[in-house]
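Chain by chain, the residues run as shown.
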Amino acid sequence: LQDEDRRGGDRLGHRRNPDHGLRRHGPALLEVRHPLRLNVPHVALSLALTPALAVMAQRHPGVTVEVTSDDRSVDIVAGGFDAGVRLGEMIAADMVAVRITPPLKAIMVASPDYLQARGKPRKLDDLQRHNCIGFRLLASGAVYAWDVKEDGKDVNIEVSGSVRISNALYAKELALSGIGIAYIFEPLVRREIRERTLTWLLPDASMDEPGLFLYFPRRASEMPKLRAFINVLKELTRNGSRFAGEI
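Note that the coordinates shown come from a computational prediction; the quantities given were computed from them, not determined experimentally.

Colleague: Mind showing me how you'd approach the side chain of D70 here?
Modeller: Here D70 lies in the loop between β6 (65-69) and β7 (83-87). Classification of D70 by relative accessible area gives buried; the value is 10%. Not counting chain neighbours up to four residues away, the residues in contact with D70 comprise N39, V40, P41, H42 and R86.

Colleague: Sorry, what's going on with unusual backbone geometry here?
Modeller: Glycine aside, residues mostly have negative phi, and peptide bonds are mostly found in the trans state. At D151, a residue that is not glycine, the phi angle is positive and equals roughly 55 degrees. Mapping D151 onto the fold places it in the loop between β11 (146-150) and β12 (153-157). One non-glycine residue with positive phi stands out, namely L202, at about 45 degrees. Within the secondary structure, L202 sits in the loop between β15 (199-201) and β16 (207-209).

Colleague: Whenever I open this one, the sheet that holds strand β8 (residues 96-99) confuses me. Can you help?
Modeller: Strand pairing in a sheet relies on backbone hydrogen bonds. The paired strands run either parallel or antiparallel. Ordered by their spatial adjacency, 5 strands build an open sheet running β6-β5-β7-β17-β8, and the pairing between neighbours is mixed. Strands with a single pairing partner mark the edges of an open sheet, and in this sheet they are β6 and β8. Taking the axes of each pair of neighbouring strands and ignoring which way they run, one obtains an average angle of 25 degrees across the sheet. In this fold helix α2 (residues 42-59) packs onto β5 (36-40), β6, β7 and β17 (212-216), with an angle of close to 175 degrees to the strand it touches most, β6.

Colleague: Quick question: what am I supposed to make of the pattern of salt bridges here?
Modeller: Pairs can form between side chains of opposite charge whenever their charged atoms are close. Tallied over the full model, the rule gives 11 salt bridges. With a shortest N-O distance of 3.8 Å, D82 and K225 are connected by a salt bridge. With D82 in the loop between β6 and β7 and K225 in helix α6 (residues 224-238), this pair connects stretches of sequence that are 143 residues apart. Both residues of the pair, D82 and K225, count as buried. Residues E186 and R190 are paired through a salt bridge, measuring 2.5 Å at the closest nitrogen-oxygen approach. Classification of E186 as buried rests on a relative accessible area of 13%. One continuous salt-bridge network, built from bridges that share partners, spans K123, D126 and R129.

Colleague: Explanation requested: the packing of aromatic side chains in the structure shown.
Modeller: How two aromatic rings sit relative to each other is given by the distance of their centres and the angle of their planes. Counted by the stated rule, this structure contains 3 aromatic pairs. Seen from their ring centres, F135 and Y144 are 6.4 Å apart, and the 90 degrees between their planes marks the pair as edge-to-face. We classify F135 as buried; its relative accessible area is 17%. By relative accessible area, Y144 is classed as partly exposed at 22%.

Colleague: Any chance you could explain the environment of A44 here in plain terms?
Modeller: Locating A44 in the fold gives a position in helix α2. Assessed through its relative accessible area of 1%, A44 is described here as buried. Spatially, the C-alpha atoms of A44 and L169 are 9.6 Å apart, while their sequence positions differ by 125 residues. Each residue touching A44, except ones within four places of it in the same chain, is listed here: L49, V85 and L212.

Colleague: Sorry, what's going on with the layout of surface pockets here?
Modeller: In this approach the atoms are scanned with a rolling probe the size of a water molecule, which exposes any empty space left behind. Within this model, the largest pocket holds a volume of roughly 690 Å³. Lining the largest pocket are 32 residues, with L87, F135, L137, Y144 and A168 positioned closest to its centre. Looking at the lining of the largest pocket, the elements with two or more residues in it are α2, β7, β10 (134-135), β11 and β14 (182-185). It is β14 that provides the largest number of residues to the lining of the largest pocket, a total of 3 residues. Of the residues assigned to the lining of the largest pocket, the class counts are 21 nonpolar, 5 polar and 6 charged. Contributing to the lining of the second largest pocket are R122, K123, L124, D125, K149, E150, D151, L202, P203, D204 and A205. Partitioning the lining of the second largest pocket into residue classes produces 4 nonpolar, no polar and 7 charged.

Colleague: Please explain the nonpolar core as it appears in this structure.
Modeller: As a rule of thumb, nonpolar side chains are buried together in soluble globular proteins. Of all hydrophobic cores here, the largest spans 66 residues; its most connected members are M108, W146 and L214. With 8 residues, the single largest contributor to this core is α2. Residues within four places of M108 in sequence aside, it is in contact with L124, L127, W146, V148, I181, A182, Y183, T199, W200, L201, L202 and A205. Listed in part, the 6 residues of the second largest apolar core include I76, I91, M95 and Y215.

So, how was this worked out
Residues numbered from 1 in each chain as written. Predicted model: local features only at pLDDT ≥ 70, side-chain atom pairs only at ≥ 80, totals over all residues. Heavy atoms only, no water. Helix = DSSP H or I, 4+ residues; strand = E, 2+ residues; numbered from the N terminus. Buried < 20%, exposed > 50% of the residue type's maximum accessible area, 1.4 Å probe, protein only. Contact = heavy atoms within 4.5 Å. Pairing = 2+ DSSP bridges. Axes fitted to C-alpha atoms, helices over the stretch in contact; angles between N-to-C directions. Salt bridge = Lys/Arg side-chain N within 4 Å of Asp/Glu carboxyl O. Phe/Tyr/Trp six-rings, centres within 6.5 Å; stacked < 30°, edge-to-face > 60°. 1 Å grid on protein atoms, 1.4 Å probe; cavity = no way out; pocket = protein on both sides within 12 Å on 5 of 7 lines; lining within 4 Å. Points joined across faces, edges and corners; volume = space filled by probe spheres on them. Nonpolar A, V, L, I, M, F, W, Y, C, P; charged D, E, K, R; others polar. Core = buried A, V, L, I, M, F, W, Y, C linked by side-chain atoms within 4.5 Å.

What follows is the structure in structure tokens.
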């Protein structure tokens, strides 16, 4: 992938600003023959990718960013991708990682209608009597055990319910419909909690996760199209850009 672009796939005409990286000056800052290919889990689309793609479209209209949504852990090099996005602990040690979100809280939420009908859990053991929206891991096929805090310790709890999904974002829609309790990253439901269409349950049990990172082989950072995308992500992070999930 690196060699492909060095043979003339990218043409870069820019002035460098030490504070903002690659900035657009003129109608076509960066033109490429081949798209910037990213492998991204569904949850990262609204949490981190949408704001960056909006800036890229304005600043680098000659760059096509091709996004493959995939929740499995994949070999981005073997798959022909330039970079990927994953949670910090899922990235191989030989990859370069660039933070694109702050640490995230994984929380439990349910709708007022569900809680009126079934009651509110007061402790983790109460979850065994509730309809919990399950999640199946595509890579291993295992059912995900919720990571939570109990008495200050990290524990995994197995839950059950009438629905099990493989797209974590769908849990929000199911929770809003009153089906059951969802386990989800807090920024994705911040607006609903504020508007009281969802209720944050057992907040002391919420789990802190390291956040999302863009990762890539070191040699890939030489590609102008990837450098431009990294600069946009860093600028959004530095400026405290709100994630789409928070709006």
